[in-house]
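Given next are the chains, with one letter for each unit.
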Amino acid sequence: MPWHPVSTNRYERAFDSLKFDWGIAEAGAPLQKQLYLVSCSLKPQHLAPVKEARQAWKALRRQYPQIAAVADKSGTRLTYTVPSPEELEAWVHDIFLVVEESSATHLYQTLPPSSLFCLYKPPFFAFWPTARPSRSWMARKPPNFDPTTRGHVSGRYTGFNVIDHRKYLSTPYNGPDAAVAVYHTGIPFSVDLAANHDFASLAAAFARGYKRDLSRKESRNIFTFLAESSSTRPIIGCRRILELSSVGVVNDYLPAEYEDIARKLEVQGWLIAVECINRLLLTNVWTWDGQMQLAVNWNESFYEEEFVTIFLDSWMLTLTRELGVN
C-alpha cells in the first residue's frame, strides 16, 4: 500500500495484510509475548563502531521509513512522521540498544514485547526482532503416520502451503522498494499417504503446491482466491503441529561480504527465531554459505528439550539418508 501525505511531515497508509499479522502477535500480550514475532541475528567478523552502526541504521530508516512507522490510535492505519535531526537522534537512541548479553538465544528468550523495530548490539553479533515472513508449510500428523515413512502408512497428510504473493504484484510492490510489506497467505493441502508413502513422492507433492502459477490479469478478493486455490478442507481440531519454514538461500538476500572505500565487512553467520506461545514446533531451515542450517523454537510448557532433540535427530537422519548426504 502506498503512503499518503496528511500533513507536511506526516504520512499514513493502510495496514493491508499486516493487520492480520498484527492481530496474531497481540494474542500473546497477556503473557508478555508476541506470537510469531520473527527475530534475526547476524554475526559479522568484525563489529563496526557503535557510532557508525547507528549512522547506518538512520540511513536504513530513510530508505525504508516503515521501520519507524507506528499504528494510529484506532489501530487501523500505519503512520510515519518525517523527523527533525533531533528527533532522528532520539529515535535511534531508543531502538539501537547496546546490551551485554553474549548469547542470541538468551537475548531472544528474555526480550520484552515492543511495538518498535529494534536493533540490539551485543558484544559479538547484531540481533533484531522483525516481521519478515518466510515461505512455510504446516502439517498435522494423521493416524498411523510414521515420520520415517517406514512400515505401514495410512491416512492423509494435511497442512498449509504458505504462498508468497509478492511475485504476482505489480511494480513497485514486487521488488525491494516494498521489502518491508507482507504479501502472503496459506493454502490448505492434503496428501494421500497410501499413494505418497516415501520421501521422494511426498517432496514432489509438496513441491507441486508451490510450483502452481496463481497469477491472474485481474485482481481477486483474497477469500475468493483461497476457495479457488484450495484442494482440501481447512484443518480442524489440530492440537499439535509441526511447522517447517524454508527461508531459502539467505546469501541471495544477505551477501557474505560488503566492501566500500573505508572498510570491508564479512558476515560469518545468520540465525532466525520465532516467538511461540502455542503448541507449534516452529522449525526453520535455510542455506548459508553453501550449507543447510536448521533452527527450532518451541514452548517449554508443551515440549521438553529432550523430546525436541530426539525428534530433530530423527528428522535430520531421515533427511540426510534420503538425500544421500553424509
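Everything that follows concerns the structure shown earlier in this document.
The sections below set out a description of the structure shown in this document. These figures come from a predicted structure and were not determined experimentally.

## Observations concerning the pattern of salt bridges
For step 1, the next point in the chain: Within the structure shown, the criterion is met by five salt bridges.
For step 2, the next point in the chain: Notably, a salt bridge pairs Lys-58 with Glu-89, separated by 2.3 Å at the nearest N-O pair. Residue Lys-58 is found in helix 2 (residues 50-63), and its partner Glu-89 is found in helix 3 (residues 85-95); the two are separated by 31 residues along the sequence.
For step 3, the next point in the chain: Taking relative accessible area as the criterion, Lys-58 reaches 6% and is therefore assigned buried.
For step 4, the next point in the chain: Each member of the salt-bridge network shares a partner with another, and the members are Arg-10, Glu-12 and Arg-77.

## Quick word on the pairing of strand 5 (residues 77-81)
For step 1, the next point in the chain: By the bridge criterion, five bridges tie strand 2 (residues 10-14) to strand 5 in an arrangement that is antiparallel. Counted as the bridge partner of Arg-10 is Thr-81 from strand 5.

## Here we look at helix 7 (residues 305-323)
For step 1, the next point in the chain: With 19 residues, helix 7 should reach 27 Å at 1.5 Å per residue; the first-to-last C-alpha distance of 27 Å fits that figure.
For step 2, the next point in the chain: On its buried face, helix 7 is in contact with helix 5 (199-211), strand 15 (281-288) and strand 16 (291-297).
For step 3, the next point in the chain: Directly beyond the C-terminal end of helix 7, a positive phi value near 70° is found at Gly-324.

## A short note on helix 5
For step 1, the next point in the chain: For helix 5, spanning 13 residues, the distance from its first C-alpha to its last is 18 Å, which sits close to the expected 18 Å at 1.5 Å a residue.
For step 2, the next point in the chain: All buried positions along helix 5 are accounted for by Ser-201, Leu-202, Ala-205, Phe-206, Gly-209 and Tyr-210.

## Topic: the packing of aromatic side chains
For step 1, the next point in the chain: In this structure the tally under the stated criterion is four aromatic pairs.
For step 2, the next point in the chain: With centroids separated by 5.9 Å and ring planes inclined at 25°, the aromatic side chains of Trp-57 and Phe-117 adopt a geometry described as stacked. You can see Trp-57 sitting in helix 2 and its partner Phe-117 sitting in the loop between helix 4 (104-110) and strand 7 (119-121), a full 60 residues away along the chain.
For step 3, the next point in the chain: Relative to Phe-307, the ring of Tyr-303 has its centre 5.8 Å away and its plane inclined at 15°; by these criteria the two rings are stacked.
For step 4, the next point in the chain: Under the relative-accessibility criterion, Tyr-303 is labelled buried at 5%.
For step 5, the next point in the chain: The aromatic ring of Trp-3 is capped on one face by Arg-13, whose charged end is 5.8 Å from the ring centroid.
For step 6, the next point in the chain: A cation over a ring is seen here: Arg-61 above Trp-91, with NZ or CZ 4.8 Å from the ring centre.

Rules behind the numbers
Residues numbered from 1 in each chain as written. Predicted model: local features only at pLDDT ≥ 70, side-chain atom pairs only at ≥ 80, totals over all residues. Heavy atoms only, no water. Salt bridge = Lys/Arg side-chain N within 4 Å of Asp/Glu carboxyl O. Helix = DSSP H or I, 4+ residues; strand = E, 2+ residues; numbered from the N terminus. Buried < 20%, exposed > 50% of the residue type's maximum accessible area, 1.4 Å probe, protein only. Pairing = 2+ DSSP bridges. Expected span 1.5 Å × (residues − 1). Contact = heavy atoms within 4.5 Å. Phe/Tyr/Trp six-rings, centres within 6.5 Å; stacked < 30°, edge-to-face > 60°. Lys NZ or Arg CZ within 6 Å of the ring centre and 35° of its normal.

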